Amino acid sequence: MRLALFLLLLFLPFLSNSQKLSISVFNDTNLNTILVTPTKGEYSMVLGDSMITIKPLQILYISRQGDSVLVRDENQSHGSYKRVTLIGQTGEDVFRLKPIIPSKPARLYDDNITFYVEFNRIMAVNIIDREKYIAAVVLAETGPNKEPELYKAQALLARTFTVTHIDKHQSEGFNLCDQEHCQAYKGRPEAFQDIYDAVLDVKGLIVVDSTLKPISAAFHANCGGQTASSEDVWIQALPYLRSVNDRFCTSAPNARWERTIPLTEWKKFLAQQGVDTAKVTRDNLNFFPKERPKYYTVLGVNIATTTVRKYFKLRSAWFSVSAGKSEVRLSGKGYGHGVGMCQDGALAMAQRSFTYDKIIQHYFKGVQIIDISRVNLDSIKPDSLEVKPFDVLQ
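As the structure is a prediction and not an experimental result, all values here were calculated from the model. (Residues numbered from 1 in each chain as written. Predicted model: local features only at pLDDT ≥ 70, side-chain atom pairs only at ≥ 80, totals over all residues. Heavy atoms only, no water.)

Visitor: What exactly am I supposed to notice about the overall build of the protein here?
Guide: The helix and strand tally for the protein stands at 10 helices and 22 strands. Here the C-alpha coordinates of the protein stretch approximately 80 × 45 × 35 Å along the principal axes. Expressed as a percentage of the 394 residues in the protein, the buried residues total 53%. Looking at the protein as shown, the accessible area adds up to about 18,100 Å², and 49% of this sits on carbon and sulfur atoms. The distance from the centre of the 47 positive side-chain charges to the centre of the 41 negative ones in the protein is 6 Å. (Helix = DSSP H or I, 4+ residues; strand = E, 2+ residues; numbered from the N terminus. Buried < 20%, exposed > 50% of the residue type's maximum accessible area, 1.4 Å probe, protein only. Areas by Shrake-Rupley, 256 points an atom, 1.4 Å probe, with all protein chains shown as cover. Lys, Arg positive; Asp, Glu negative; His and termini not counted. Charge placed at Lys NZ, Arg CZ, Asp CG, Glu CD.)

As structure tokens, this is what we get:
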């Protein structure tokens, strides 16, 4: 009875203000066999109505058997069950997950994991403390060996996104997945403690607008010296996502790029956009904007620079065009969609002793940083600026 009550509490639907999250890991992989190894702490394994203790570094093989999960170790089979769960007992528990069929690189994860068969595959759902999840996301989105104030600013955005998308996969039985359309999540980082300490410094804090609604927590790698307003990329204008000049990122490697495209391909694209290419001259094609442009105009036809970016898979939508006899040369600025926080700029600000709140307020206008408890999350719908994976090039 006590076991059943414990499992009921563990797997109740996750409320938006819960401290635990359920994250589907390797969500893009048709998992059939997985190797699981506890590497830190103490673990118990729930098999049906029973619970057994797992030894440190004990290797477990999790395999699909029809609509059930088969569990075995190096010495014996433990049988097949509808659900198999590893539960950490110390609060500092870590396990290693290695997909075997198909083969994928191993990753470390914190806390708990549950396995079951659904969608014609084994589902592996990590039940993890929210702040540990945020720390892992921060590393995946920023990289190691960065400044603590950058980590704090990125943590605020990651947490804000998390609470506004907490039910993104509710119909599938978990909160979020580990893919970019949720947030990049690659498990426990090697440099965990430094990042985790920064995350805990801003524990429970999110970014809200003037009405105390969590913001659309957009960010990108490099803005090239000027961020974009939200409506220039995603239609909807938001008062806190305004274009700002950013001198901090212009010396970073991602601040400039070049691309050469055959003139025939360029004209083919223009024709698809409604341009009469028979009337096009070299001067018509040249384009030298002084600020971040919204449109590239040719013979009176306005073509969204975001459309050009998507078609040619450019690093950004900020570029100039110089036409030659057989090609056009694009000279671009920045990397990513350009809306919200510029990560290279934020890093440079942190290196110049700007604190995380000053970084956030530089890129998001009129916002506040408050505790989650001050927001009625039940009344909040996911933000409308759905960023596709292509738009969040890092």
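Right, picking up where we left off after that structure.
Visitor: Whenever I open this one, the nonpolar core confuses me. Can you help?
Guide: One recurring pattern in soluble globular proteins is that nonpolar side chains are buried together. In terms of nonpolar packing, the biggest core is built from 84 residues, with Leu-97, Phe-115, Met-341 and Phe-364 touching the most fellow members. What Phe-115 contacts, discounting residues up to four positions off in sequence, is Ile-34, Val-36, Ile-62, Val-69, Lys-82, Arg-83, Val-84, Leu-97, Ile-122, Met-123 and Ala-124. If you look at the next biggest cluster of nonpolar residues, it comprises 22 residues, including Leu-263, Trp-266, Val-308 and Leu-330. (Core = buried A, V, L, I, M, F, W, Y, C linked by side-chain atoms within 4.5 Å. Contact = heavy atoms within 4.5 Å.)

Visitor: Would you explain the pairing of strand E10 (residues 107–110) in this entry?
Guide: Looking down a regular strand, the side chains alternate between one sheet face and the other. Pairing between strand E9 (residues 94–101) and E10: 4 bridges, direction antiparallel. Each bridged residue has a counterpart across the sheet, and for Arg-96 the counterpart in E10 is Leu-108. Between E9 and E10, which pair antiparallel one after the other, the connecting turn spans 5 residues. (Pairing = 2+ DSSP bridges.)

Visitor: It is not clear to me how the packing of helix H2 (residues 130–142) against helix H3 (residues 148–164) should be interpreted in this structure. Could you clarify?
Guide: When two helices pack together, their arrangement is given by the angle between their axes and by how far apart the axes lie. Viewed as axis vectors pointing N to C, H2 and H3 meet at an angle of 115 degrees, and their least axial separation amounts to 9 Å. The way H2 lies across H3 gives a crossing that is right-handed. Where H2 abuts H3, its residues Glu-131, Tyr-133, Ile-134, Val-137, Val-138, Glu-141 and Thr-142 lie against Tyr-151, Gln-154, Ala-155, Ala-158, Arg-159 and Thr-162. Residues that form the contact of H2 with H3 fall into these classes: 7 nonpolar, 3 polar and 3 charged. (Axes fitted to C-alpha atoms, helices over the stretch in contact; angles between N-to-C directions. Left-handed = near helix turned anticlockwise from the far one by under 90°. Nonpolar A, V, L, I, M, F, W, Y, C, P; charged D, E, K, R; others polar.)

Visitor: Please clarify how the sheet that holds strand E16 (residues 256–262) should be interpreted in this entry.
Guide: With respect to topology, 3 strands assemble into an open sheet ordered E16-E20-E19, the strand pairing being antiparallel. Because the sheet does not close on itself, it has two edges, and the strands there are E16 and strand E19 (319–323). This sheet shows a mean twist of 20 degrees between the axes of neighbouring strands, independent of strand direction. For E16 and strand E20 (residues 327–333), the ladder comprises 7 bridges, and the chain directions are antiparallel.

Visitor: What is the right way to read the sheet that holds strand E3 (residues 43–47) from this model?
Guide: Strands pair in a sheet through their backbones, by hydrogen bonds, and they do so in one of two ways: parallel or antiparallel. Overall, mixed pairing links the 7 strands, which are arranged E4-E3-E8-E11-E12-E1-E13 in an open sheet. Edge strands, defined here as strands with exactly one partner in the open sheet, are strand E4 (50–54) and strand E13 (176–177). Relative to E4, E3 runs antiparallel, the two being bridged by 5 bridges. Within the sheet, the bridge partner assigned to Leu-47 lies in E4 and is Ser-50. Sheet strands touched by H2: strand E1 (20–24), strand E12 (121–129) and E13. Its angle to E12, the strand with the most contacts, is close to 110 degrees.

Visitor: What should I look at first to understand helix H9 (residues 343–351) in this one?
Guide: For an α-helix, the turn length of 3.6 residues means that residues three or four places apart are oriented alike. In terms of burial, H9 is a largely internal element, 7 of the 9 residues being buried. Taken together, the buried positions of H9 are Gln-343, Gly-345, Ala-346, Leu-347, Ala-348, Met-349 and Ala-350. Residues of H9 that are buried sit in contact with H2, H3, strand E15 (219–220), strand E21 (341–342) and helix H10 (356–363). Following H9 by one or two positions, Ser-353 adopts a phi angle in the positive range, close to 75 degrees.

Visitor: What should I look at first to understand the side chain of Ser-320 in this one?
Guide: Looking at the secondary structure, you find Ser-320 in strand E19. Taking the relative accessible area as the measure of exposure, Ser-320 reaches 17% and is therefore buried. Among residues more than four places away in sequence, those in contact with Ser-320 are Phe-287, Phe-288, Pro-289, Arg-329, Leu-330 and Ser-331.

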